[in-house]
Amino acid sequence: MLFTRLKFKNWRNFREADISLSNRTFLIGANASGKSNLMEIFRFLRTLAQTQGGGLQQAVQNCGGLSKLRSLHAKKDTEVRIEVDVVEAKGETAPTWRYVIAFKGEGKGQNRIFLTEERVEHCGKILLVRPDTADRIDKDRLTQTHLEQINNNVAFRQLAEYFADTTYLHLVPQLLKHPEISGRTPESDPFGQGLLQQLARTSKKTREARLRRINDTLQKAVPLFSGLRFEQDAVTGQWHLEANFRHWRAQGAWQREDQFSDGTLRLIGLLWALQEGDGLLLLEEPELSLNDGIVTNIPLLIDRILRARKTERQVLVSTHSEALLGQVSDASQVLLIEPGDNGSRVRGSSAEETRDIEAGLSPAEVLLPKTRPSALAQLGLF
């Protein structure tokens, strides 16, 4: 399944947007323009669809509450609305599924979140429209979506499971090296802190197959690297990644993950994430800590790993990297976020920009310069 369209209003720093999504989509924009905020919509839908520890109230709470979630540009319109189109397979044009959710605050007392609309369509046929008669009789029903309720989502559970299978990764190496920094792994682990636990929970056969592929890639990308293994400490019972690096000793030297470079850890996390799950994969600035030579190959790496899978998987990447965008040739795969006085705007390539890219220029040359602040040259005058 693939998201093909996202339409929303009053979300974070966006007043409204209506965008098309490819199976590979690259988000670019200035700092604080809203790249992470746009990605957060899919994380919101994931929490919404989770039957345990999820749902509407939790999804809004994870975003910091409605006051922080709702756009400051909303003015008198206080409703937050999200609409997504989903197809079953790449290449389909008409949406197989359409899901709409809209909500606002109660405005009094506990200020609970209430649905103002929930709608599900399948192949153009309406399966659900809320509020319905039962909702009007018992208003408290509107504090929950049918998407999160297994008794009510039978007709569209496939869609709920797809939302819940979304993966977000912005691996922070320091949290993996020093887990005592935060003390616990946050729900859904957006920063890769629980990577070792994920590996340990994976069946041995699957884990070893994935690690062999990662091992082969690291041998090409990391100087002197010669081997990767996943071992359990006999004393503490904890699992550790260990890597062997060649040096003057015949057997080389084995190091644990707390001795790995930041780039090595981020590359391992990226390679593991690409092999795990079937839902949408959200990658936040995968170029961080990596050599430009490796970054240049990230688009190709994503395509080759995912092409080898039995099922298609969609990837949404935020990036500032010229090296990464330099390898993207399809203008339709790039979305540009432009901040403005009335909120950020999301757009694809204009006709002129598309012609330039089709003529041989890369999105890094055509679009990336438009994400740079106009007064950038004055930074040196600080």
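In what follows, the accompanying structure is described. Everything numeric here is computed off the predicted structure, so don't read it as measured data.

Overview of the overall build of the protein chain
Moving on, step 1. When helices and strands are tallied, the protein chain shows 14 helices and 15 strands.
Moving on, step 2. For 382 residues, the compact-globule estimate of 2.2 N^0.38 gives 21 Å, and the C-alpha radius of gyration of the protein chain, at 22 Å, lies within 12% of that figure.
Moving on, step 3. The principal-axis extents of the C-alpha atoms in the protein chain amount to approximately 75 × 55 × 45 Å.
Moving on, step 4. Relative to its full complement of 382 residues, the protein chain shows a buried share of 50%.
Moving on, step 5. Considering only residue pairs separated by 6 or more positions, the protein chain has 59% of its internal contacts joining residues 24 or more positions apart.
Moving on, step 6. On the protein chain, roughly 19,100 Å² of surface is accessible, and the fraction owed to carbon and sulfur atoms is 48%.
Moving on, step 7. Across the protein chain, 51 positive and 48 negative side-chain charges occur, with their mean positions spaced 2 Å apart.

Details of the side chain of Thr-25
Moving on, step 1. By the element assignment, Thr-25 lies in strand 3 (residues 24-29).
Moving on, step 2. Owing to a relative accessible area of 3%, Thr-25 belongs among the buried residues under this scheme.
Moving on, step 3. Those residues in contact with Thr-25 that sit more than four places away from it in its chain are Val-315, Leu-316, Val-317, Gln-333 and Leu-335.

With respect to the packing of helix 1 (residues 35-49) against helix 5 (residues 157-164)
Moving on, step 1. Where helix 1 meets helix 5, the closest approach of the two axes is 7 Å, and the angle between their N-to-C directions is 125°. Relative to helix 5, the element helix 1 is oriented oblique. For the crossing formed where helix 1 meets helix 5, the hand is left-handed. Mapping the contact onto sequence places Leu-45, Arg-46 and Ala-49 in helix 1 and Ala-160, Phe-163 and Ala-164 in helix 5.
Moving on, step 2. In the contact of helix 1 with helix 5, the residues fall into five nonpolar, no polar and one charged.

Considerations on the packing of aromatic side chains
Moving on, step 1. Counting across every chain of the model gives nine aromatic pairs.
Moving on, step 2. Pairing Tyr-99 with Phe-163 gives two aromatic rings, centres 5.8 Å apart and planes at 75°, and the pair type is edge-to-face. With a gap of 64 residues between them, Tyr-99 in strand 5 (residues 97-105) and Phe-163 in helix 5 connect regions that are remote in the sequence. Phe-163 shares its class with Tyr-99; the two are buried.
Moving on, step 3. Taken together, the ring pairs connect Phe-3, Phe-42, Tyr-99, Tyr-162 and Phe-163 into an aromatic cluster.
Moving on, step 4. Positioned above the aromatic ring of Phe-114, the side-chain terminus of Lys-139 is 4.9 Å from the ring centre.

Re the pattern of salt bridges
Moving on, step 1. On inspection of all chains with the given rule, the structure shows 28 salt bridges.
Moving on, step 2. Across the salt bridge formed by Arg-81 and Glu-117, the nearest N and O atoms sit 3.4 Å from each other. With Arg-81 in strand 4 (residues 80-87) and Glu-117 in strand 6 (residues 113-122), this residue pair connects regions lying 36 residues apart in the sequence.
Moving on, step 3. The salt bridge partner of Glu-338 is Arg-345, with a shortest N-O separation of 2.7 Å.
Moving on, step 4. On the accessibility criterion, Arg-345 (46% relative accessible area) is partly exposed.
Moving on, step 5. Here the salt bridges share partners, and the residues they tie into one network are Arg-5, Asp-18, Arg-81, Glu-83, Asp-85, Arg-98, Glu-117, Arg-119 and Glu-121.

Regarding unusual backbone geometry
Moving on, step 1. For the bond from Arg-130 to Pro-131, the omega torsion is 5°, close enough to zero to count as cis.
Moving on, step 2. In this fold, Pro-131 is placed in the loop between strand 7 (125-130) and helix 4 (133-137).
Moving on, step 3. Positive phi, close to 50°, is recorded for Arg-12, a residue that is not glycine.
Moving on, step 4. Here Arg-12 lies in the loop between strand 1 (2-11) and strand 2 (14-20).
Moving on, step 5. Note on Arg-12: relative accessible area 17%, which makes it buried.
Moving on, step 6. Even without being glycine, Ala-32 reaches a positive phi, approximately 70°.

Topic: the pairing of strand 6
Moving on, step 1. Within strand 6, eight of the 10 residues are buried, leaving the element largely enclosed by the surrounding structure.
Moving on, step 2. Here five bridges tie strand 6 to strand 7, and the two strands are oriented antiparallel to one another. Directly across from Glu-118, in strand 7, lies its bridge partner Arg-130.
Moving on, step 3. As consecutive antiparallel partners, strand 6 and strand 7 are separated by two residues, and within that stretch Cys-123 has a phi angle of approximately 55°, a positive value.

Procedures and definitions
- The written sequence of each chain sets the order in which its residues are numbered from 1.
- For a predicted model such as this one, the threshold for reporting local features is a pLDDT of at least 70, and the threshold for listing and counting side-chain atom pairs is 80 or more; totals across whole chains, interfaces and linings nevertheless cover every residue.
- Working from all heavy atoms in the structure, the side-chain values ignore hydrogens and water.
- Secondary structure elements follow DSSP: runs of H or I of four or more residues count as helices, runs of E of two or more count as strands, with numbering from the N terminus.
- Every radius of gyration here is taken over C-alpha atoms, with the globule rule written as 2.2 Å times N^0.38, N being the number of residues.
- For every residue, the accessible area (1.4 Å probe, protein chains only) is compared with the maximum for its type, and the residue is labelled buried under 20%, exposed over 50%, or partly exposed between those bounds.
- By the convention used here, residues are in contact when the closest approach between their heavy atoms is within 4.5 Å.
- To measure how exposed things are, a 1.4 Å probe is used in the Shrake-Rupley method; for residues, cover is taken only from the protein chains shown.
- Asp and Glu count as negative and Lys and Arg as positive, but His and the ends of the chain are not part of the count.
- All charge positions are set by atom: Lys at NZ, Arg at CZ, Asp at CG, Glu at CD.
- All axes are obtained by fitting lines to C-alpha atoms, using only the stretch in contact for helices, and the reported angles, taken between N-to-C directions, cover 0 to 180 degrees.
- For this classification, under 35 degrees means roughly parallel, over 145 means roughly antiparallel, 65 to 115 means roughly perpendicular, and everything else is oblique.
- Note on convention: near helix rotated counterclockwise from far helix by under a right angle means a left-handed crossing. Clockwise means right-handed.
- Nonpolar residues are Ala, Val, Leu, Ile, Met, Phe, Trp, Tyr, Cys and Pro. Charged residues are Asp, Glu, Lys and Arg, and all others, Gly as well, are polar.
- Whether two aromatic rings pair depends on their centres lying within 6.5 Å, for rings of Phe, Tyr and Trp, where Trp uses its six-membered ring; planes under 30 degrees apart make the pair stacked, over 60 edge-to-face, and the rest tilted.
- Lysine NZ or arginine CZ positioned within 6 Å of the ring centre and within 35 degrees of the ring normal marks a charge as sitting over the ring.
- One side-chain nitrogen of Lys or Arg within 4 Å of one carboxyl oxygen of Asp or Glu is enough to make a salt bridge.
- Strands are treated as partners if at least two bridges between them are detected by DSSP.

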